Amino acid sequence: MKTAKERLAALDDLPAVELCGRAAGTLDELVTIMNQETTLLRAGRMREAGALTADKTRLAQDYVTLVRSVQRQIGRLRQEAPAEIERLRGGHERLATQMADNLRVIATARSVTEDLLTDVAATLGQKARAKTYGASGEIGSNPNQAARGIAVNRAL
């Protein structure tokens, strides 16, 4: 089995057209899977979108490795495969657009989920509140008890 250094050196030694072609192919696959994920998230199909995570992660890692090789070889690639370099540049712009769209959809889904959990926590807190009269003759209300039993992880 080759070491990481040997695998990187093998990429750097690829013919210009082949290296750019691999990077462009991986990029196209990454854009496609991100588009699928975005579409599923918009449709509220979270489990199906989550199932794409492993492939998306693998493709992103492969793409980064290939792009780093392209960056190391950019002088040679510009001379030997200028059209392929332009194709990669265009593909990278598509990826940036798709990523921005994907992140907006993820942020929206997160916000909706957080709002839903907060509403559920408040509702449960109201139902759990004691229905007794306080010293002032009114039913006691302690807003700090509203979220008892449910936690919202804002780090996600």
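Residues numbered from 1 in each chain as written. Predicted model: local features only at pLDDT ≥ 70, side-chain atom pairs only at ≥ 80, totals over all residues. Heavy atoms only, no water.

> Got a minute to help me understand the overall build of the chain in this structure?
Helix and strand counts for the chain stand at six helices and zero strands. Seen in sequence order, the chain has helices and strands lined up from the N terminus as α-α-α-α-α-α. For the chain, buried positions account for 27% of its 156 residues. A fraction of 71% describes how many contacts in the chain between residues 6 or more apart in sequence connect residues 24 or more apart. Total accessible area computed for the chain in this model is approximately 10600 Å², and 56% of it derives from carbon and sulfur atoms. (Helix = DSSP H or I, 4+ residues; strand = E, 2+ residues; numbered from the N terminus. Buried < 20%, exposed > 50% of the residue type's maximum accessible area, 1.4 Å probe, protein only. Contact = heavy atoms within 4.5 Å. Areas by Shrake-Rupley, 256 points an atom, 1.4 Å probe, with all protein chains shown as cover.)

> How do you make sense of the pattern of salt bridges when you look at a structure like this?
Where charged atoms from two side chains of opposite charge approach closely, those side chains can pair. All told, the structure shown has twelve salt bridges when counted by the stated rule. Lys56 serves as the salt-bridge partner of Glu37, at 2.9 Å between the closest nitrogen and oxygen. Of this pair, Glu37 sits in helix α2 (residues 16-42) while Lys56 is found in helix α4 (residues 53-72), placing the two residues 19 residues apart along the sequence. Considered together, Glu37 and Lys56 belong to a single accessibility category, that of buried residues. Overlapping salt bridges bring together Asp28, Arg87 and Arg94 as one network. (Salt bridge = Lys/Arg side-chain N within 4 Å of Asp/Glu carboxyl O.)

> What is the right way to look at the confidence of the model for the chain in this model?
When pLDDT drops low, the exact placement of atoms in the prediction is not to be read closely. Mean pLDDT over the chain stands at 84; residues scoring 70 or higher make up 79%. The least confident element of the chain is helix α6 (residues 82-128), whose mean pLDDT is 84; the most confident is α2, at 95. (pLDDT = per-residue confidence, 0-100.)

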